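Single-letter residue listing:
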Amino acid sequence: MTEAARSPTLRGAALALTAFGIYATHDVVIKFLGASFSPFQIIFFSTLFGFPVVTFMLMHDPEPGNLRPRHPWWTALRTFAAVATAASAFYAFSSLPLAEVYAIIFASPLLITILAVPILGERVGWRRSLAVGVGLIGVIVVLRPGATQFELGHLAALTAAICSAVAAVIMRKIGRDERSAVLLLYPMMANFVVMGCAMPFVYEPVSGLHLGGFAAIAVLGFLGALFHIAAYRTAPAVVVAPMQYSQILWAVAYGAFFFGETPARNTAIGAGIIIASGLYVVFREGGSTASRTTPVLRTQTRYLLGTVPRIGALRRIWRRNRTAADRAPTT
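Nothing here was measured: the structure is a model prediction, and the numbers come from that model.

Draft legend 1. Up close: the overall build of the protein. Looking only at helices and strands, the protein has 14 helices and zero strands in total. The order of helices and strands in the protein, counted from the N terminus, is α-α-α-α-α-α-α-α-α-α-α-α-α-α. Counting across all 331 residues of the protein, residues that qualify as buried make up 52%. The long-range fraction of contacts in the protein, counting pairs at least 24 apart against all pairs at least 6 apart in sequence, stands at 90%. Of the roughly 15100 Å² of accessible surface on the protein, a fraction of 67% belongs to carbon and sulfur atoms.

This is how it looks when you write it as structure tokens:
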């Protein structure tokens, strides 16, 4: 690799590592707030604080059109999956050790590969199929059915992984046709309305410090998304995508420092299996020229859909803004 090629690659990897470090910090704030508040209340306030950020961004979106989806049923299913993902992930982070949650959620790219077969018509060869199977065995190792007590938090983490995979594959199916504003706002509005309906039953008094925590979730999510975009603009997806697994290191460090958590042996072994399988799938897709779609690499999703702006939508708005600026007449 030449020096000219190496520099963008290293810069893109560094930007991706920064993005996932910010995301991990975002998840720590969720865990702190989860000790005092229901996931519904955390999602409601973090979404509320996220609206101004997304609104200012959309004000600069030059794409004409309305906010009616072109694929209403797929959009509705994706929105439902986004709400379920956010609620499940927030609950999982509130009730389980950070490393354990990440280990389970890391199965999402493997599930994307499975769902891409019926929804996208993706052809998955025996090597990727074997990698997916091994990765799912890793999930079983983390959960250790029969050896440890299966808690509601484990079910929530599994639900988050499955629903985020569903939303991601639907995104690959309709993303080229739908406006970025639709893709951003529908999950946010759904989270706001659904969690708002739950507020009378779960509301706890909020202090100024707590409000700062809710705002931090929105800001950290947006900052992470910006670094994530910059990483994909700088380096190939096959370089950026594997960086998501660095979050397990942040989880171990944050968990030990803030919460006194030590990953169990089965969590470490299972996470290693899942990460190795995910890396194989990513590199296999990155080097493949036969496949028309690469769901893991091109579905640049964040599992907390609806509270963190979707990477692909932000990239399209960014790209259109730059195109509009280039076309603008100069004086």
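From this point, things continue past the structure.
Draft legend 2. The arrangement of the nonpolar core in detail. If you look at the biggest cluster of nonpolar residues, it comprises 51 residues, and the most contacted ones within it are Leu33, Ile42, Tyr102, Phe106 and Ile248. Leu15, Ala16, Phe20 and Ala230 belong to the second-largest nonpolar core, a separate cluster that totals 15 residues.

Draft legend 3. Spotlight on the environment of alanine 241. Inspection of the secondary structure puts alanine 241 in the loop between helix H10 (237-240) and helix H11 (247-259). Taking the relative accessible area as the measure of exposure, alanine 241 reaches 5% and is therefore buried. Taking C-alpha positions, alanine 241 is 9.8 Å from histidine 228, a pair spaced 13 residues apart along the chain.

Draft legend 4. Region of interest: the pattern of salt bridges. In total, this model carries two salt bridges according to the counting rule given. One salt bridge in this structure joins glutamate 261 and lysine 31, with 3.4 Å as the shortest N-O distance. One end of the pair, glutamate 261, is in the loop between H11 and helix H12 (265-286); the other, lysine 31, is in helix H1 (residues 3-34), and 230 residues separate them in sequence. In terms of burial, glutamate 261 and lysine 31 fall into one category: buried. The salt bridge partner of glutamate 122 is arginine 128, with a shortest N-O separation of 3.0 Å. Look at glutamate 122 and you get buried, because its relative accessible area is 5%.

Draft legend 5. Quick look at the packing of aromatic side chains. Following the criterion strictly, the structure yields 15 aromatic pairs and no others. Residues phenylalanine 106 and tyrosine 245 carry aromatic rings whose centres are separated by 5.0 Å and whose planes lie at 85° to one another, so their mutual orientation is edge-to-face. One end of the pair, phenylalanine 106, is in the loop between helix H4 (98-105) and helix H5 (108-120); the other, tyrosine 245, is in the loop between H10 and H11, with 139 residues separating them in the sequence. Comparing phenylalanine 106 with tyrosine 245, the two get one shared label, buried. Ring geometry for tyrosine 254 against phenylalanine 258: centres 5.7 Å apart, planes inclined by 35°, an arrangement best described as tilted. With tyrosine 254 and phenylalanine 258 both in helix H11, this residue pair falls four residues apart, about one helical turn. Note on phenylalanine 258: relative accessible area 37%, which makes it partly exposed. Its guanidinium or amino end placed over the ring of phenylalanine 259, lysine 31 lies 5.3 Å from that ring's centre, counting from NZ or CZ.

Draft legend 6. The side chain of serine 88, seen in detail. The residue serine 88 is located in helix H3 (residues 72-95) in this model. A distance of 2.7 Å separates the side chain of serine 88 from the backbone oxygen of alanine 84, its partner in a polar contact. For serine 88, the contacting residues outside a window of four places in its chain are Ala156, Thr159 and Ala160.

Draft legend 7. Geometry of the packing of helix H2 (residues 39-58) against H3. Relative to each other, H2 and H3 sit at 120°, their axes nearing to 9 Å. Relative to H3, the element H2 lies oblique. Seen along the crossing, H2 lies across H3 with a hand that is right-handed. Contacts between H2 and H3 involve Pro39, Ile42, Ile43 and Ser46 from the first element and Ala86, Ala87, Phe90 and Tyr91 from the second.

Draft legend 8. Molecular detail of the environment of glutamate 204. Checked against the element boundaries, glutamate 204 lands in the loop between helix H8 (180-202) and helix H9 (208-234). For glutamate 204, a relative accessible area of 39% translates into the label partly exposed.

Draft legend 9. Broad picture of the side chain of arginine 78. Secondary-structure assignment places arginine 78 in helix H3. Within the buried core, arginine 78 has no salt-bridge partner, and the shortest N-O distance to an opposite charge, that of glutamate 178, equals 9.1 Å. Within the structure, the side chain of arginine 78 is placed 3.2 Å from the backbone oxygen of leucine 183, a separation counted as a polar contact.

Calculation notes
Residues numbered from 1 in each chain as written. Predicted model: local features only at pLDDT ≥ 70, side-chain atom pairs only at ≥ 80, totals over all residues. Heavy atoms only, no water. Helix = DSSP H or I, 4+ residues; strand = E, 2+ residues; numbered from the N terminus. Buried < 20%, exposed > 50% of the residue type's maximum accessible area, 1.4 Å probe, protein only. Contact = heavy atoms within 4.5 Å. Areas by Shrake-Rupley, 256 points an atom, 1.4 Å probe, with all protein chains shown as cover. Core = buried A, V, L, I, M, F, W, Y, C linked by side-chain atoms within 4.5 Å. Salt bridge = Lys/Arg side-chain N within 4 Å of Asp/Glu carboxyl O. Phe/Tyr/Trp six-rings, centres within 6.5 Å; stacked < 30°, edge-to-face > 60°. Lys NZ or Arg CZ within 6 Å of the ring centre and 35° of its normal. Polar contact = N/O pair within 3.5 Å; in protein donor to acceptor, adjacent residues only side chain to side chain. Axes fitted to C-alpha atoms, helices over the stretch in contact; angles between N-to-C directions. Parallel < 35°, antiparallel > 145°, perpendicular 65-115°, else oblique. Left-handed = near helix turned anticlockwise from the far one by under 90°. Lys, Arg positive; Asp, Glu negative; His and termini not counted.

Everything listed is a geometric property; what it means functionally is a separate question.
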